[in-house]
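Tertiary structure, described
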Amino acid sequence: MKVAKFGGSSVANATQLIKVGNIIKSDPNRKFVVVSAPGKRFSDDIKMTDMLIELGTAYMNGATYEENLIAVLNRFSEIIEDLKVDDSVYTEIETDIKSALAVEGSPENKMDAIKAIGENSSAKILSAYLNTLGIEASYVNPKEAGIIVSDEPGNARILPESFDKIYTLREKEGVLVIPGFFGYSKEGKLVTFSRGGSDITGSIIAAGIKAEMYENFTDVDSVYTVNPTIVKNPKEITTLTYKEMRELSYAGFSVFHDEALIPAFREKIPVCIKNTNNPEARGTLIVAEKEASEKCVVGIASDTGFCSLYVSKYLMNREIGFGRKLLNIFEDEGISFEHAPSGIDDMSVIFRDSKFTAEKENTVVNRIKEELHVDTVSIHRDIAVIMVVGEGLVNTIGVAGKATSAFEKANVNIEMINQGSSEVSMMFGIQASDINDAIQSLYTAFFE
Ligand code: ASP
């Protein structure tokens with residue numbers, strides 16, 4: 001039994017859903033289907049989830065929301081009409097939206113209920129469409145499927161008791177179409193995963209039913225060695241380990257949600273990234289272990305939007321608890337850190353700068369000065385993180401040298417290096433404006 005998950009671009013309109021239908025039809029093992037909300041049909045289109053967030057925001061602020069509601073309904077009705085699916089699906093979606101708007105609870109709970117409409121409607125439409133193709137298919141709500149999650153709106157985590165219930169889905173007849181992106185708390189509240197979280201649902205279902213394979217259908221033929229918008233026609237990756245994929249997707253490889261690997265990884269279920277627009281391409285396989293190859297680096301990921309805080313204090317190495325106190329300030333201020341390289345008298349903390357307002361910066365810096373009596377504290381914004389990733393890194397001599405000379409060739413200053421904490425990656429921090437030059441040069445060094 002396989003789990004096939006189709007991302008936003010695969011369910012964006014009727015043309016794409018017809019391809020999805022063909023893919024499901026072509027392999028009877030594809031019994032479990034997980035879907036995203038309709039994604040972008042063209043580059044400046046708006047994703048359904050973003051449309052729903054706009055609708056929810058307007059509704060909750062007491063602003064006029066009727067236009068937003070019509071836009072959402074129109075997108076669904078267009079798909080339903082083009083697929084020639086029964087009108088009753090449209091009526092059901094309309095009722096679902098009204099119930100979501102009327103949900104009781106905190107604004108976050110309400111917003112989650114509204115956001116989930118995208119995936120929920122996609123699943124209803126697809127199962128009705130599969131029926132028109134003569135495939136026995138049914139829509140399964142995540143509550144019925146047994147997806148029980150923590151009550152953290154917009155950031156749910158799966159609870160372990162879910163998996164036994166999910167296993168029993170194997171007994172059901174026909175193809176089961178399950179909406180991605182959300183589950184229910186123990187108290188029965190609808191809660192969504194973080195953005196892009198339909199991948200997580202797919203992985204949870206795959207782990208729960210102990211699938212032979214988790215296929216993740218997207219709009220690229222494979223995972224590439226570097227971001228194809230930076231390097232033209234980069235090499236494809238045929239096989240990756242879970243650890244490698246986790247590191248790559250953390251730092252900008254957006255083909256797969258970085259949290260989605262864990263459930264599949266625990267059950268050792270192979271994950272295959274495939275293209276809905278070219279299902280014959282073999283895709284990229286993610287497995288627990290792979291044979292050693294002569295290439296020690298499999299990919300180079302990069303992401304911007306980081307901030308680094310640097311502190312120095314003479315004899316820091318002799319001050320018991322310094323690191324903990326520093327990180328405590330981050331904890332108190334609600335900032336999670338990503339890396340914390342340190343030296344004898346210095347320590348840097350790297351974190352995402354999306355929520356680090358000027359006000360927050362002031363508080364953090366003042367607290368560090370007052371509570372830790374440091375010699376220097378400084379903040380650098382616009383940092384990009386580059387991860388050179390590969391299982392072979394630990395046993396290969398000279399990788400760091402090769403990487404640093406690639407930075408030198410590109411005339412890029414390395415602000416930070418973190419090697420050794422992770423066995424499969426090497427992290428470099430640079431100025432975000434240098435990212436393209438650095439990636440191009442690293443690609444030449446490792447792949448050409
Ligand atoms: N529709 C959700 C989002 O846009 C989840 C997903 O597509 O995976 O974040």
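Relevant structure appears above.
Now for a description of the structure that goes with this document. Note that the coordinates shown come from a computational prediction; the quantities given were computed from them, not determined experimentally. (Residues numbered from 1 in each chain as written. Predicted model: local features only at pLDDT ≥ 70, side-chain atom pairs only at ≥ 80, totals over all residues. Heavy atoms only, no water.)

**What to know about the sheet that holds strand β13 (residues 299–312)**
Taken together, 5 strands build an open sheet; the order of strands is β14-β13-β15-β17-β16 and the sheet is antiparallel. Each of the sheet's edge strands pairs with one partner strand only, and the pair in question is β14 (346–352) and β16 (416–419). This sheet shows a mean twist of 30 degrees between the axes of neighbouring strands, independent of strand direction. As judged from the 11 bridges shared by β13 and strand β15 (residues 376–389), these two strands associate in the antiparallel manner. Considered in β15, the bridge of tyrosine 310 is made with serine 378. Of the strands in this sheet, β13 and β15 are in contact with helix α13 (residues 358–372), which crosses β15 at around 110 degrees. Sheet strands in contact with helix α15 (residues 435–447) are β13, β15 and β17 (425–431), and its direction is about 125 degrees off that of β13. (Pairing = 2+ DSSP bridges. Helix = DSSP H or I, 4+ residues; strand = E, 2+ residues; numbered from the N terminus. Axes fitted to C-alpha atoms, helices over the stretch in contact; angles between N-to-C directions. Contact = heavy atoms within 4.5 Å.)

**Comments concerning the sheet that holds strand β4 (residues 175–179)**
The 8 strands lie next to each other as β3-β4-β2-β1-β7-β11-β12-β10, forming an open sheet whose pairing is mixed. Here the strands that pair on one side only, and so sit at the sheet edges, are β3 (137–139) and β10 (239–241). Across this sheet, the average inter-strand angle for adjacent strands is 20 degrees, counted without regard to direction. With 5 bridges joining them, strand β7 (residues 213–218) and strand β11 (residues 271–275) adopt parallel strand pairing. Counted as the bridge partner of glutamate 215 is cysteine 272 from β11. Here helix α10 (residues 242–250) sits on the sheet and contacts β10, β11 and β12 (284–287); the angle it forms with β10, its principal contact strand, is near 90 degrees.

**Examining the packing of aromatic side chains**
Here the structure, examined in full by the defined rule, presents 9 aromatic pairs. Note on tyrosine 214 and phenylalanine 256: the rings are 6.1 Å apart at their centroids and 55 degrees apart in plane angle, and the pair reads as tilted. Of this pair, tyrosine 214 sits in strand β7 while phenylalanine 256 sits in the loop between α10 and α11 (261–266); the two residues are 42 residues apart in sequence, bridging distant segments of the chain. Summarising the burial analysis for this pair, tyrosine 214 and phenylalanine 256 share the class buried. Taken together, Phe330, Phe351 and Phe356 form an aromatic cluster joined through their ring pairs. Of note, lysine 31 hangs over the ring of phenylalanine 32, and the distance from its end group to the ring centre comes to 5.8 Å. The side chain of lysine 268 reaches across the aromatic face of phenylalanine 265, ending 5.8 Å from its centre. (Phe/Tyr/Trp six-rings, centres within 6.5 Å; stacked < 30°, edge-to-face > 60°. Buried < 20%, exposed > 50% of the residue type's maximum accessible area, 1.4 Å probe, protein only. Lys NZ or Arg CZ within 6 Å of the ring centre and 35° of its normal.)

**With respect to the site of the ligand**
Ser36, Ala37, Lys47, Thr49, Glu119, Phe181, Arg195, Gly196, Gly197 and Ser198 make up every residue found near the ligand. Between serine 36 and the ligand, the recorded distance is 3.2 Å, taken from a side-chain N or O atom to an oxygen atom. A distance of 2.7 Å is found between a nitrogen atom of the ligand and a side-chain nitrogen or oxygen belonging to threonine 49. Alone, the ligand offers 260 Å² of accessible surface; in the complex the protein occludes 93% of this. In the shell around the ligand, the residues fall into 2 nonpolar, 5 polar and 3 charged. (Near = heavy atom within 4 Å. Polar contact = N/O pair within 3.5 Å; in protein donor to acceptor, adjacent residues only side chain to side chain. Areas by Shrake-Rupley, 256 points an atom, 1.4 Å probe, with all protein chains shown as cover. Nonpolar A, V, L, I, M, F, W, Y, C, P; charged D, E, K, R; others polar.)

**Focus on the nonpolar core**
Grouped together as the largest cluster of nonpolar side chains are 49 residues, with contacts concentrated most on Val3, Leu169, Ile205 and Val271. Sorting the residues of this core by element identifies β2 (30–35), β4, α9 (198–208), α10, α11, β11, β13 and β15 as the ones contributing at least two each. Looking at this core, the element that brings in the most residues is α9, giving 5 residues. The residues touching valine 271, leaving out its near neighbours within four places in the chain, are Tyr214, Tyr242, Phe256, Leu261, Ala264, Thr284, Leu285 and Ile286. Counting residues in hydrophobic clusters, the runner-up holds 42 residues, among them Val11, Ile24, Ile79 and Ile125. (Core = buried A, V, L, I, M, F, W, Y, C linked by side-chain atoms within 4.5 Å.)

**Quick look at the packing of helix α3 (residues 66–83) against helix α6 (residues 117–132)**
Two numbers describe how α3 lies on α6: the axes approach to 11 Å, and their chain directions differ by 10 degrees. Judged on the interaxial angle alone, α6 and α3 are roughly parallel. Residues Phe76, Ile79, Ile80 and Leu83 of α3 pack against Ile117, Gly118, Ser121, Ile125 and Tyr129 of α6. Looking at the contact of α3 with α6 residue by residue, the class counts come to 7 nonpolar, 2 polar and no charged. (Parallel < 35°, antiparallel > 145°, perpendicular 65-115°, else oblique.)

**Regarding the environment of isoleucine 135**
Summarising the element assignment, isoleucine 135 is placed in the loop between α6 and β3. By relative accessible area, which is 14% here, isoleucine 135 ends up buried. Along the chain, isoleucine 135 and valine 175 lie 40 residues apart, while their C-alpha atoms are 7.6 Å from each other. When residues no more than four places from it in sequence are discounted, the contact partners of isoleucine 135 are Gly21, Lys25, Leu130 and Val175.

**A closer look at α6**
Given a rise of 1.5 Å per residue, 16 residues ought to cover 22 Å, and the 23 Å separating the end C-alpha atoms of α6 matches this to within 8%. Directly beyond the C-terminal end of α6, a positive phi value near 85 degrees is found at glycine 134. (Expected span 1.5 Å × (residues − 1).)

**Structural notes on the packing of helix α2 (residues 48–60) against α3**
Close contact between α2 and α3 brings their axes to 9 Å; oriented N to C, the two are set at 150 degrees. Between α2 and α3, the angle is such that the two are roughly antiparallel. Classified by chirality, the crossing of α3 by α2 is left-handed. Two secondary-structure elements touch here, α2 through Met48, Met51, Leu52, Glu54, Leu55 and Ala58 and α3 through Asn68, Leu69, Ala71, Val72, Arg75 and Phe76. (Left-handed = near helix turned anticlockwise from the far one by under 90°.)

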